[in-house]
Amino acid sequence: MASALTLPAPLKKAFSLFPLQTHLPVSFSVRFPLVQPTLWIAPPGKSSTGHVSLLSTDVECLKWQAYIALRGLKNIAVRWDISPEGALGGRLPTIHVPSAVTDGDLLPAESIPSWVDSQSTTGVDTLDGYRDEHAKDESHAWISLLEGIVHAALVCMTLSVSTPSLSDTFIQLGGNKGRPIEAILNPPPVPLTGFSSFLPAFGANVSLSALHPQYTEAVSAVSERLGEDTWFLGSANPTALDALLFAYLHCILHGRDVTRLEVTRRANLVAWERRVRTKIEAAFCIALRN
């Protein structure tokens, strides 16, 4: 019995003009073959001496580079051709690690510590590498100082070097987002736009001159506490706090703002950053390309 549902002749003729065809898959070469763990970072800085640096100019990426290197991992590749929108969660860094899956696994920044633990031959004790319980408790205060006043000064330094236009400000909202400066400072700063503006309140009106006394005091305290120790708080081996401290010192020392002067006046901070930088740079290489 013929089916009662048949296509009308004009429609059937129209469909015949667009036959379904299949083709063999098109092979393509992978630009960056995954042969080793590869960290996606914001671009490194350009050196006037021609030295190719593999350390990101973004402090958030540099924190994780320092953490990976100071945990003893070696031969980690880096690439900086991927925008933050292409990273997991819209933020760099992202690490691409080999696995049983053909294309490997992509891990966000918050998964890096657990991955490092699985790769490192030296585990972390219950004190997280600090010499005693008191030093571990003290580390929380120093982390708050670095992530607070020092981070805010670094943000102001970045904005003072390159002041964005209004359109750039809106565009940058989708970039490599970090913590907003309003969440760092206490009390929070006033917004860029006020009640008299036709724009809704956004941004933060923060001047480096207002932060400078607190920033100067913070740098002085860090320098005094470090002294001539090999690692911060007198630890026998580097800790996560050392990675954090290095990231901020490196970004400030390689900036072009007056904030770097406070660090350059402390010889122990400059020498410590230079020594740790050598150790961290040795852990990374440029990702291979086809």
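Residues numbered from 1 in each chain as written. Predicted model: local features only at pLDDT ≥ 70, side-chain atom pairs only at ≥ 80, totals over all residues. Heavy atoms only, no water.

Asker: Help me out: how do you make sense of the sheet that holds strand E4 (residues 76-79) in this one?
Answerer: Pairing between the strands of a sheet is mediated by backbone hydrogen bonds and can be parallel or antiparallel. The strand order E6-E5-E1-E4-E7 describes an open sheet built from 5 strands, whose pairing is mixed. Either end of the sheet is taken by a strand with one partner, and the two such strands are strand E6 (105-108) and strand E7 (284-286). Averaged over all adjacent pairs, the angle separating strand axes in this sheet is 30°, with direction ignored. Bridge count between strand E1 (residues 38-40) and strand E5 (residues 94-97): 3 bridges; the pairing is antiparallel. Residue Thr38 lies in a different strand from E5, and its bridge partner there is His96. (Pairing = 2+ DSSP bridges. Helix = DSSP H or I, 4+ residues; strand = E, 2+ residues; numbered from the N terminus. Axes fitted to C-alpha atoms, helices over the stretch in contact; angles between N-to-C directions.)

Asker: So what exactly am I meant to see when it comes to the packing of aromatic side chains here?
Answerer: For any pair of aromatic rings, the description consists of the separation of the ring centres together with the inter-plane angle of the planes. Across all of its chains, the model carries 3 aromatic pairs by this definition. Relative to Tyr67, the ring of Trp64 lies with its centre 5.7 Å away and its plane at 80°, an arrangement referred to as edge-to-face. Residue Trp64 and its partner Tyr67 are both found in helix H2 (residues 59-70); the two are separated by 3 residues, about one turn of the helix. The exposure class of Tyr67 is buried, given its relative accessible area of 15%. Ring centres of Trp142 and Phe232 lie 5.3 Å apart, and the angle between their planes is 90°; on these two criteria the pair is classed as edge-to-face. Of the two residues, Trp142 sits in helix H4 (residues 133-161) while Phe232 sits in the loop between helix H6 (208-226) and helix H7 (240-253), which places them 90 residues apart along the sequence. Of the two residues, Trp142 and Phe232, neither departs from the other in class, the shared state being buried. When the ring centre of Trp231 is taken as origin, the NZ or CZ atom of Arg275, which lies over that ring, is 4.9 Å away. (Phe/Tyr/Trp six-rings, centres within 6.5 Å; stacked < 30°, edge-to-face > 60°. Buried < 20%, exposed > 50% of the residue type's maximum accessible area, 1.4 Å probe, protein only. Lys NZ or Arg CZ within 6 Å of the ring centre and 35° of its normal.)

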